[in-house]
Amino acid sequence: MSNYEVNGRLYSAEPKAGQCLRTFLRDLEVFGVKKGCDAGDCGACTVWLDGKPFHSCLVPAFRGEGRKITTIEGLAANGQMHPLQKAFHDAQAFQCGYCAAGMLMTTASAAFDEAHKADLPHALKGNICRCTGYRSIVDALHGKSNIEEDVAGKACGASLPNPFTDAILTGKARYTMDIAIAGLLHLKVLRSPHAHARIKSIDKTKALAIPGVVAVYTWEDVPRRLYSTALHEDHLVDPDDTYILDNVARFVGQRIAAVVGESEAVAEAGVRALQVEYEILPAVFDPVAAMEPGAPLLHDKNDVVTQNGNIFCTLQGEIGDVTQGFKEADAVHEMTYSTSRVQHVHLETHGSIAYKGEDGRWHVRTSSQGPFPVRTKLAYLMGVPAREIHVFTERVGGGFGGRRVMVSEDLPLFASMKLDGRPVKWEWTREEEFIGATTRHQMTTKVKIGAKKDGTLTALDVHCVSNTGAYGNHASETLAAAMASPIAAYRCANKKGVGHVVYTNMIPGGGFRGYGASQTTYAMECAIDELARLLGIDPFEMRRKNVVKPGDNVESIWKEPGDASFGSYGINECLDIVERELKKGNGVAKPDGEDWAEGTGMALAMLECGPPTEHRSGAEMKLLPDGTYHLACGTSEFGNGTSNAIKQIAASIVGVRARDVALVNADTDRTPYDTGTFASTGTVVAGKAVHITAQAMRDDILDFACRHTGIVIDQCRLESDTVVCGNRRITLTELHAAGAKVNHRFTVTRRAYLSPRTIAFNVQGVRLAVHRVTGEVRILHSVHAADIGFPINPMQCHGQIDGAVAMGYGWALIENMVHDEGHMVNPQLRNCRVPAFADTPHTDVFFAGTVDSIGPLGAKSQGECAINPVAPAVANALASATGVRFAHLPFTPDRLFSKLGKVK
C-alpha cells in the first residue's frame, strides 16, 4: 500500500490503474473535491499539491504519493476559517456553492498573489461559476462584505448570509453524490449513436461475462409504460411519449440500455461490450421540414400523433382585427428571428442513488427541482404506491430549469428493485449532459408589427415554431409562455399569434431559465426597436408609449380572461433608471481604432410570476421546547436562494432572527407537498405558503398565551423569544412547557396556491463595441433595472440578477451547441463554452421601489426574468453600432463577420 497525506491525515491506499486524483480522493470520502467536467475545464475539483493548485481530474492519482494534498476540508486551521474562506463568507461569493471549493482552492493559494488579483480574467480562467455572474467573487477577493446582522424581527429586507454558508465553504455540505454507502452498485447507460433507428437486437452476452457486471437491462426488461419526463402539477399538459428504455432511438444520445456493475469502470466496460443491431430510419432535424407532408414521422403512439404528423401542439388566437390594424399602420416591420439551443450547464451533473431502506421502503437521493412529482412518476412507472417511495434532495449544485425533468431517478430505482434493494448510483458525465439531457427550445419567430406615426401600435402578428426535439417534455408549456407575456407586455387592440411545437430527431428541449418567453422576448424586442427606428422614435419612448399599464387587459392573443394581475407596477421606473444610467455613462470608452463601432441598445421583459397551470406548496411550522422554530417546506434549494427567503419570511412574522428558524426542505417524507421549484414560484408560492403558515404560528402562540394568562389577546404580542401579555412577560420556552402540560402542540400547517399571478418587469441596457474585422464584441456598459417588489434579501436578489444577466450574455454571445445531422460535435465545456470570468461584464443592478400587494411581504419573483431582455438588448446595440440587424443567435464572431462589411 502507498501512503497519501490528505489534509494532514495519512491514508494507506492504492489507486486503481489510470485513476485520477479527483476520484481517488472521493474514494477516500474526501467529498469536498467536486466533479464538474473531468476534463480540466471547470475548476470544481481544484486541490493543492504541496501548496500549488491543480485540477485534480487531470492529475494521475499516483502523483499524489509523498506530497501534501490539501482540499477545501483542510483549508481552515485550528478551527478558524482561512482568510479567503472568511472573505467568501462575508461577500457571499457563491449561490449553489458547487464551484466554491474550487474557487477557494485557486484563490487562497500562495500562487494567487497581487499580480493575479490585478488580472482576474486571466487568473480565474480555469474556474467556472454558472450561478453568480462572478461579481460577488470579485467582492470577496477585494475584501468587500455584503452581509448584514441578523436582528430579531428585522429579517425581511436584510442581506443575511446563506444558512449553509459555513458548510459550503469548509467542504462539509453534502451534494447528491457526497455520500458513502456500503455495497454501492454503479449504473451506466449505452446511448444511441444514431438520430433515428429501430433496435433489432441487443446481445448482452459479452457484457454479462465481464467480472463485476451484475445486470444488463434493455427495453424488454423494464416496465413498458408511457410517461413524460417533465415535472408538472398537471401531467396532462405534457405528452406521454417516453419509455424508460425504448426499442426506437429518436435522437443521438438517447439511452438504449443500462449496465449495473460493482464499479463505475466495470459498468462502463459492460456498456462498451454490448452489441446492438440497428435498423437506420430516416431522420429530420429542421422543424419546418418536419411539418412538411411526407417528412419522417417520429412517433406512432396513438396518444401522441396528431393529424399533422410531427406537430405535437398548435396554439393560436386573435384579438381584434389584425388585417384592419395593418391597414391603419403608417409603418410596418416584418422579420424572422431565431434563437439557439443552449445547455443549462449546472456544474453538478444529474445523478441519483436509489436503495431499499431499513423501513422496507424505496429511497431516492437525487438532484431534482421537484421531488414530489418525481415520486408520483416513479410510483406510476414501478407500479407501487407512492407512500412506498421517498424522494429527497440534500444540497443541489445548480438547476436553471434543467432539473425539471425526471431523467436520472427511474433507472437506479428500477435496478435497485431488481437487485434485492442494493443501492444503485447513476452519475452523469458532462458529455452526457450535452447529448442526453435537455436544452432550451430552439425557436424561430416571425414578427409583423405596425404602428401609427406617433408610435401607437395598431397590429401585431407573431408566428412561432418551436423545435422540441425527439420528445415533448415541457413542449406545450414553453410554447404557451412564448405566446404569452412577450406579447401581453404591449398594448395593442389587434393581436394574432400562431405557434407550433414540432418533433424532430434532435436532443429534446426542456425547461430553461426564462421558459419559452426568452425566445419570443428576443424577437419582440428586436422588432419593437426596428419599428421605432422606422418611425424615428427613441426606443425608450416607444416602450413607454406602448407598454401595458394598470387598468389594461393583460392579454396576448387569447380573449379568455386570465389571472395575471398588477400587484405593483414598476416598469416606468425601470425604464427611467436604465435610460439615466446609460446617458450618464460609466467612463469606459470604446477601444482605440477606426475598426471599432460603438452602439447602445435596450430591451424590456414582462414576467407573469408563475406558470398558468396549477402550482401549490405547503409549509409546516413548529415551536420547539427551546423557544426556536422548525420550518418544513417542500421547495427545493439549488442556489436560487429560497432557503434564505422562506426563513426570513417566517422569522419576520414571528419576530425572531432567521437563524432561530431551522429549515427542512425538498423531502417527500419530511415536508408538505410542493409542485416544484421552477417558473419563478419559489418566492410567490412557497414563500406565500410560509407567510400564511408563520402567521398561523404567531396566532396560535398568542391564542394560547391569551388563554394561559387570562389576558385578552389584544394585549398580547410576540417580542423575539418572549410573549408579552399586558405587564407579564413569558418566554417561549416557558410557554411551550405550559402547552405540553395540556397537550398543546404549537404546530401549524398551511397551503398556498398560485393565483392570482402578479406581474414583474425587467429592463436591460447595453453599450458595446464591435470590431468590424474580427467580429469581436466587447460590453462597455451593462445596466439592469428590476421590478421585483420588496426585496426580501437585497444581496441575494442582486446576486440572482447578476447570474441571470451573465447567462443572458452567454446565450447572446458565446454559447453555441453545434450539431451535424443530430450529432453534437462539441460536447465539452472547452468547446461549447459558457461565460468565464473574462467573458462576463460587470452589470450595474437597480431595483424599482415597488411593494407588491399580491406577493408575500410585498415581494415578487426575481431570479428568472432578468435573463430575458439581455440578448435583445445586445442585438439592438449591435444594430445601433452597425446599422445591420443580426436576427439569429448567438452573435459569435463568425456569424457577424459576413455582414460586418456593411458597418457604417
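For the structure itself, look to the data block above.
Rules behind the numbers
Residues numbered from 1 in each chain as written. Predicted model: local features only at pLDDT ≥ 70, side-chain atom pairs only at ≥ 80, totals over all residues. Heavy atoms only, no water. Pairing = 2+ DSSP bridges. Helix = DSSP H or I, 4+ residues; strand = E, 2+ residues; numbered from the N terminus. Axes fitted to C-alpha atoms, helices over the stretch in contact; angles between N-to-C directions. Contact = heavy atoms within 4.5 Å. Core = buried A, V, L, I, M, F, W, Y, C linked by side-chain atoms within 4.5 Å. Buried < 20%, exposed > 50% of the residue type's maximum accessible area, 1.4 Å probe, protein only. 1 Å grid on protein atoms, 1.4 Å probe; cavity = no way out; pocket = protein on both sides within 12 Å on 5 of 7 lines; lining within 4 Å. Points joined across faces, edges and corners; volume = space filled by probe spheres on them. Nonpolar A, V, L, I, M, F, W, Y, C, P; charged D, E, K, R; others polar. Salt bridge = Lys/Arg side-chain N within 4 Å of Asp/Glu carboxyl O. Phe/Tyr/Trp six-rings, centres within 6.5 Å; stacked < 30°, edge-to-face > 60°. Lys NZ or Arg CZ within 6 Å of the ring centre and 35° of its normal. Expected span 1.5 Å × (residues − 1).

1. Topic: the sheet that holds strand β26 (residues 629-633)
What links the strands of a sheet is backbone hydrogen bonding, and the strands pair in either a parallel or an antiparallel sense.
Item 1. Ordered in space as β27-β26-β25-β31, the four strands form an open sheet in which the pairing is mixed. The open sheet has two edge strands with one neighbour each: β27 (661-665) and β31 (747-753). Strand-to-strand twist across the sheet, computed as the mean angle between neighbouring axes with direction ignored, equals 20°.
Item 2. Here strand β25 (residues 616-623) runs beside β31; their pairing, made up of seven bridges, is antiparallel. Residue glutamate 620 lies in a different strand from β31, and its bridge partner there is threonine 749.
Item 3. Set on the sheet, helix α20 (residues 642-654) makes contact with β25, β26 and β27; between it and β27 the angle comes to about 140°.

2. Some details on the nonpolar core
Most often, soluble globular proteins keep nonpolar side chains buried together rather than apart.
Item 1. Formed by 150 residues in total, the largest nonpolar core has its most connected members in Phe88 and Phe891.
Item 2. Of the residues forming this core, the biggest block, 10 residues, is contributed by helix α23 (residues 794-814).
Item 3. Contact partners of phenylalanine 891, with chain neighbours within four places excluded, come to Tyr522, Ala812, Leu813, Ala871, Val874, Ala875, Leu878, Phe886 and Leu896.
Item 4. In this structure, Leu623, Ile711, Phe746 and Val748 belong to the second largest nonpolar core, which totals 46 residues.

3. What about the environment of valine 685?
Item 1. Inspection of the secondary structure puts valine 685 in helix α21 (residues 682-709).
Item 2. Separated by 67 residues in the primary sequence, valine 685 and alanine 752 place their C-alpha atoms 6.1 Å from one another.
Item 3. Not counting the four nearest positions on each side in its chain, valine 685 is found in contact with His615, Arg616, Ser617, Ala752 and Leu754.

4. Describing the layout of surface pockets
Item 1. The volume enclosed by the largest pocket comes to roughly 950 Å³.
Item 2. Forming the boundary of the largest pocket are 35 residues, of which Arg22, Thr23, Asp27, Glu264 and Lys425 lie nearest the centre.
Item 3. Broken down by secondary-structure element, the contributors of at least two residues to the lining of the largest pocket are α1 (21-27), α9 (264-273), β17 (424-427) and α14 (430-436).
Item 4. With four residues, the top contributor of residues to the lining of the largest pocket is α1.
Item 5. Tallied by class, residues from the lining of the largest pocket come to 14 nonpolar, six polar and 15 charged.

5. Concerning the pairing of strand β33 (residues 777-787)
Item 1. Most of β33 sits inside the fold, with 10 of its 11 residues counted as buried.
Item 2. The pairing of strand β32 (residues 757-771) with β33 spans 10 bridges and is antiparallel. Residue pairing for β33: glutamine 764 is matched across the bridge by histidine 784.
Item 3. In sequence, β32 turns back onto β33 through a hairpin of five residues, with glycine 775 there showing a positive phi of about 80°.
Item 4. Sheet analysis places β33 next to strand β36 (residues 843-847), joined by five bridges and oriented parallel. Its bridge partner lying in β36, valine 783 is registered against aspartate 844.

6. Quick look at the pattern of salt bridges
Item 1. Evaluated as defined, the whole model comprises 53 salt bridges.
Item 2. The closest approach of N and O atoms between aspartate 139 and arginine 135, which form a salt bridge, is 2.8 Å. You can see aspartate 139 and its partner arginine 135 sitting in helix α6 (residues 135-141), four residues apart, about one turn around the helix. The exposure classification of aspartate 139 matches that of arginine 135, with both residues buried.
Item 3. Among the ionic pairs, lysine 425 bridges to glutamate 427, the shortest N-O distance being 3.7 Å. Here the two residues lysine 425 and glutamate 427 agree in accessibility, since each one is buried.
Item 4. A single salt-bridge network, built from bridges that share partners, covers Glu541, Arg544, Asp576, Glu579 and Lys583.

7. Digging into the packing of aromatic side chains
Item 1. Taken as a whole and assessed by the stated rule, the structure comprises 14 aromatic pairs.
Item 2. Each ring, one from tyrosine 569 and one from phenylalanine 761, has its centre 5.9 Å from the other, and the planes form 85°; the classification is edge-to-face. Note that tyrosine 569 is positioned in the loop between β23 (564-565) and α19 (571-584) and phenylalanine 761 in strand β32, a separation of 192 residues in sequence.
Item 3. By relative accessible area, which is 22% here, tyrosine 569 ends up partly exposed.
Item 4. Between the aromatic rings of phenylalanine 704 and phenylalanine 746, the centroid separation amounts to 5.2 Å while the plane-to-plane angle is 80°, which identifies the pairing as edge-to-face. Pair noted here: phenylalanine 704 is in helix α21 and phenylalanine 746 is in the loop between α22 (732-741) and β31, with a separation of 42 residues, a long-range link.
Item 5. Under the relative-accessibility criterion, phenylalanine 704 is labelled buried at 4%.
Item 6. Classification of phenylalanine 746 by relative accessible area gives buried; the value is 1%.
Item 7. Among the aromatic residues, those joined into a ring-pair cluster are Tyr337, Tyr522 and Phe891.
Item 8. Between the NZ or CZ atom of arginine 191 and the centre of the ring of tryptophan 428, over which it lies, the distance is 4.8 Å.
Item 9. The ring of tyrosine 380 is capped by arginine 225, whose NZ or CZ atom sits 5.5 Å from the centre of that ring.

8. A short note on empty space enclosed by the protein
Item 1. According to the stated counting rule, one finds 12 cavities of 30 Å³ or more in the structure shown.
Item 2. The wall of the largest cavity is formed by 28 residues, among which Phe638, Asn640, Gln800, Gly863 and Glu864 lie closest to the centre.
Item 3. Counting only elements with at least two residues in the lining of the largest cavity, the list comes to α20, α21 and α23.
Item 4. Of the volumes computed, that of the second largest cavity is approximately 260 Å³.

9. Focus on helix α24 (residues 870-882)
The periodicity of an α-helix, 3.6 residues per turn, causes residues three or four positions apart to be oriented the same way.
Item 1. In a regular helix each residue adds 1.5 Å, so 13 residues correspond to 18 Å; α24 covers 18 Å between its end C-alpha atoms and thus fits that length.
Item 2. Here α24 lies mainly inside the structure; 12 of its 13 residues are buried.
Item 3. Here α24 has its buried residues at Val870, Ala871, Pro872, Ala873, Val874, Ala875, Asn876, Ala877, Leu878, Ala879, Ala881 and Thr882.
Item 4. In the segment just after α24, glycine 883 is the residue with positive phi, at about 75°.

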